[in-house]
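Structure at a glance
These are the residues of each chain, in order.
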Amino acid sequence: MSDSHLPKKFLQILKPRLPLMLATLRRFVIAESPSLEKAAADRCCGVIAKEWNKHGARVERIAQKHRGDLLRITHAPSKSRLSAQLLVLGHYDTVYSTGTLARMPFRVERGKAYGPGAFDMKAGIVQALFALQALQQAEIRLRKRLVFLWTSDEEIGSESSRKFFEAEARRSDAVFVLEPSFGPRGLLKTARKGVGEAELIVHGRASHAGLAPQEGINAIHELARQLARLESWNDFSHGITINAGMIEGGTRTNVIPERARAVLDLRALRVSDMRNLERRLHALRPLQRGARLEITGGFDRPPLERKMSASLFARAKSLAKQMNLPLGECTVGGGSDGNFTAALGIPTLDGLGAVGGGAHSPREHVLINTMPTRAALLAALLATL
Ligand SMILES: [Zn+2]
């Protein structure tokens, strides 16, 4: 069979499986899995492992001390000694604490499946599972080993899982990230901003505002001037933003404040802009004589530059076209684990997961009719790369 028939073939297999996909999604969603509650997350990990175990792939649970265990599933064609590998990456943790399910139950209404983490990103894990089933049923001779890695701390910065998925990404020719797509048309995320946080503390000198104003160095005034300078660095047209999200300082109105502090959100679309922003930030000097600045922090996630996803997106688009599915792309301001894998130089395509909306809110939902199509698209990518 030529590759050009594959997406349609997968779709034929997967369309009748929508009820099964929804039943699986329900099982995943009712196993609540907040990033910060290990016991609950581990239970969800077990539920997901059980589903993947049904399909003859090798399922390994990687124990974690403080976060939910990671799940690595390997599917390699029998007797093969394939060295090349493709990585499918996602997370099963959610931003909802245990008990959210009581006021936000799993339900399917008018073509939408609701529930905590349904869209971000348990439906993505379901789609990947059914993509693997479709590959097996169609008896596709794979060119590369497939590794699926489900992590447990993406929503809180991926501190404990990062070294695992980075190691897996380094062994891979491409990374497919099953984070939700964007908007009702399901745009893939071909570029993501790098994201960081920095803290700026100004140290001045306290004094009586009435009796000895000349002896004081006002930390709040200094901070205000520094923030005006930082604000001028914003460059929306190039995707560079700096946002003072929190400030504090001072004690009483008649005291010249000796300390003031701001916490900044930093974003950039290009690695060069990220580095430049960090350099400028750490090179800040006080404007008032005697004031002292203390600057810490920087970028936590580098940008996912579009050049890292361009060729994978072109392939996805042409495979989607064979199912009469128009596929678009977008740039988003938020980061994912795809930012890390792209920064390693591994081609990365993100936003391949569910189509829906309302992530991190009570309105979170998946458009259920898109699930077989998206699973077919993933299966086609894995079969042809
Ligand atoms: Zn997510």
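These notes cover the structure that comes with them.

What counts and how
- Residues numbered from 1 in each chain as written.
- Predicted model: local features only at pLDDT ≥ 70, side-chain atom pairs only at ≥ 80, totals over all residues.
- Heavy atoms only, no water.
- Helix = DSSP H or I, 4+ residues; strand = E, 2+ residues; numbered from the N terminus.
- Buried < 20%, exposed > 50% of the residue type's maximum accessible area, 1.4 Å probe, protein only.
- Contact = heavy atoms within 4.5 Å.
- Lys, Arg positive; Asp, Glu negative; His and termini not counted.
- Charge placed at Lys NZ, Arg CZ, Asp CG, Glu CD.
- Phe/Tyr/Trp six-rings, centres within 6.5 Å; stacked < 30°, edge-to-face > 60°.
- Lys NZ or Arg CZ within 6 Å of the ring centre and 35° of its normal.
- Arc of directions from axis to C-beta.
- Pairing = 2+ DSSP bridges.
- Axes fitted to C-alpha atoms, helices over the stretch in contact; angles between N-to-C directions.
- Polar contact = N/O pair within 3.5 Å; in protein donor to acceptor, adjacent residues only side chain to side chain.
- Salt bridge = Lys/Arg side-chain N within 4 Å of Asp/Glu carboxyl O.

**Regarding the overall build of the protein**
Within the protein, the secondary structure is distributed over eleven helices and 18 strands. Its C-alpha atoms put the protein at 85 × 45 × 40 Å along the principal axes. With 385 residues in all, the protein has 55% of them scored as buried. At a minimum sequence separation of 6, the contacts of the protein that also span at least 24 residues come to 80%. A gap of 6 Å separates the mean positions of the 56 positive and 37 negative side-chain charges of the protein.

**With respect to the packing of aromatic side chains**
Aromatic ring pairs: the centre-centre distance and the angle between the two ring planes describe each pair. Throughout the structure, instances matching the rule amount to four aromatic pairs. Arranged with centres 6.4 Å apart and planes meeting at 40°, the rings of Phe 148 and Trp 150 form a pair that is tilted. Among the residues examined, Trp 150 registers a relative accessible area of 0% and is labelled buried. Feature note: the residues Trp 52, Phe 148 and Trp 150 constitute an aromatic cluster, connected by ring pairs. Lying across the ring of Tyr 114, Arg 107 places its NZ or CZ 4.3 Å from the centre.

**Side note on helix H6 (residues 162-170)**
Burial in H6 covers these residues: Phe 165, Glu 166, Glu 168 and Ala 169. In an axial view of H6, the angular spread of the buried residues amounts to 160°, which keeps them on one side of the axis. Every exposed residue of H6 that faces more than 90 degrees away from the buried side is listed here: Lys 163 and Arg 170. On its buried face, H6 is in contact with strand E2 (70-75), strand E3 (85-91), strand E6 (145-151), strand E7 (174-177) and helix H10 (337-343).

**What about the pairing of strand E15 (residues 329-332)?**
Every other side chain in a regular strand lies on the same face of the sheet, so the side chains alternate between the two faces. By the alternation rule, side chains of E15 split into Cys 330 and Val 332, which are all buried, and Glu 329 and Thr 331, of which none is buried. Note: strand E8 (residues 188-192) against E15, four bridges, orientation parallel. Note on E15: the bridge partner recorded for Leu 188 is Glu 329.

**Quick look at the sheet that holds strand E1 (residues 58-62)**
Pairing within the open sheet is mixed, and its six strands lie in the order E1-E2-E6-E3-E7-E16. Edge positions in the open sheet fall to E1 and strand E16 (348-349), since each of these has one partner strand only. With four bridges connecting them, E3 and E7 associate as parallel partners. Looking across to E7, one finds that Leu 89 is bridged to Val 177. Lying on the sheet, H6 is in contact with E1, E2, E3, E6 and E7; it crosses E3 at an angle near 155°.

**Considering the side chain of Arg 17**
For Arg 17, the position within the fold is in the loop between helix H1 (6-14) and helix H2 (18-30). A distance of 2.2 Å separates the side chain of Arg 17 from the side chain of Gln 137, its partner in a polar contact. Not counting residues within four places of it along the chain, the set of residues in contact with Arg 17 comprises Phe 130, Gln 133 and Gln 137.

**Brief notes about the pattern of salt bridges**
With the rule as written, the count across this model stands at 23 salt bridges. Between Glu 60 and Arg 72 there is a salt bridge, with the nearest N and O atoms lying 3.2 Å from each other. Placement of the pair is Glu 60 in strand E1 and Arg 72 in strand E2, with a sequence separation of twelve residues. One salt bridge in this structure joins Arg 72 and Glu 168, with 2.8 Å as the shortest N-O distance. Placement of the pair is Arg 72 in strand E2 and Glu 168 in helix H6, with a sequence separation of 96 residues. Owing to a relative accessible area of 4%, Glu 168 belongs among the buried residues under this scheme. Residues joined by salt bridges that share partners form a network here, namely Arg 58, Glu 60, Arg 72, Glu 168 and Arg 171.

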